[in-house]
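# Structural characterization, general
Spelled out, the chains give:
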Amino acid sequence: MNALRGVLFDWKDGSGHSGGVIAQEVEAVLPSLVKESDHKTVVYNGIIGLLVEAVKELSAEVEALKAHHN
């Protein structure tokens, strides 16, 4: 997951500005979360659960560091 970057971008079709991740970077780490038709798209619903677990891990690590520091 550390290989993924959050980015801001403009849609090629001119439909506006957005934020997300780069499909090619996701594909290198989690290929099942990238679908391809005329272009590659990320299945963001698949990333959400992983992000929840990452936040929980980081929270536990912060709590452990706080306990060790006090």
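Below: a short report on this structure. (Residues numbered from 1 in each chain as written. Predicted model: local features only at pLDDT ≥ 70, side-chain atom pairs only at ≥ 80, totals over all residues. Heavy atoms only, no water.)

### Observations regarding the overall build of the chain
- Helix and strand counts for the chain come out as two helices and four strands.
- Mapped in sequence order, the helices and strands of the chain form the string β-β-α-β-β-α.
- Against the globule reference of 11 Å for 70 residues, the chain gives a C-alpha radius of gyration of 16 Å, more extended than a compact globule.
- A principal-axis box enclosing the C-alpha atoms of the chain has dimensions of 55 × 25 × 20 Å.
- By residue count, 17% of the 70 residues in the chain fall in the buried class.
- Taking the intrachain contacts of the chain between residues at least 6 apart in sequence as the baseline, contacts between residues at least 24 apart amount to 15%.
- Just so you have it, the chain exposes about 5,600 Å², and 58% of that area is on carbon and sulfur atoms.
- With 6 positive and 10 negative side-chain charges, the chain shows a separation of 1 Å between the mean positions of the two kinds. (Helix = DSSP H or I, 4+ residues; strand = E, 2+ residues; numbered from the N terminus. Rg over C-alpha atoms; globule rule 2.2 N^0.38 Å. Buried < 20%, exposed > 50% of the residue type's maximum accessible area, 1.4 Å probe, protein only. Contact = heavy atoms within 4.5 Å. Areas by Shrake-Rupley, 256 points an atom, 1.4 Å probe, with all protein chains shown as cover. Lys, Arg positive; Asp, Glu negative; His and termini not counted. Charge placed at Lys NZ, Arg CZ, Asp CG, Glu CD.)

### Some words on the environment of valine 34
- Relative to the helices and strands, valine 34 is located in strand β3 (residues 34-36).
- Note: C-alpha distance between valine 34 and alanine 23 (11 residues apart in sequence) is 6.3 Å.
- Not counting residues up to four positions away in its chain, the partners in contact with valine 34 are Ala23, Val26, Glu27, Lys40 and Thr41.

### Side note on the pairing of strand β1 (residues 6-10)
- Pairing of β1 with strand β2 (residues 17-21) involves five bridges; the strand directions are antiparallel. Counterpart to aspartate 10 in the pairing with β2 is histidine 17. (Pairing = 2+ DSSP bridges.)

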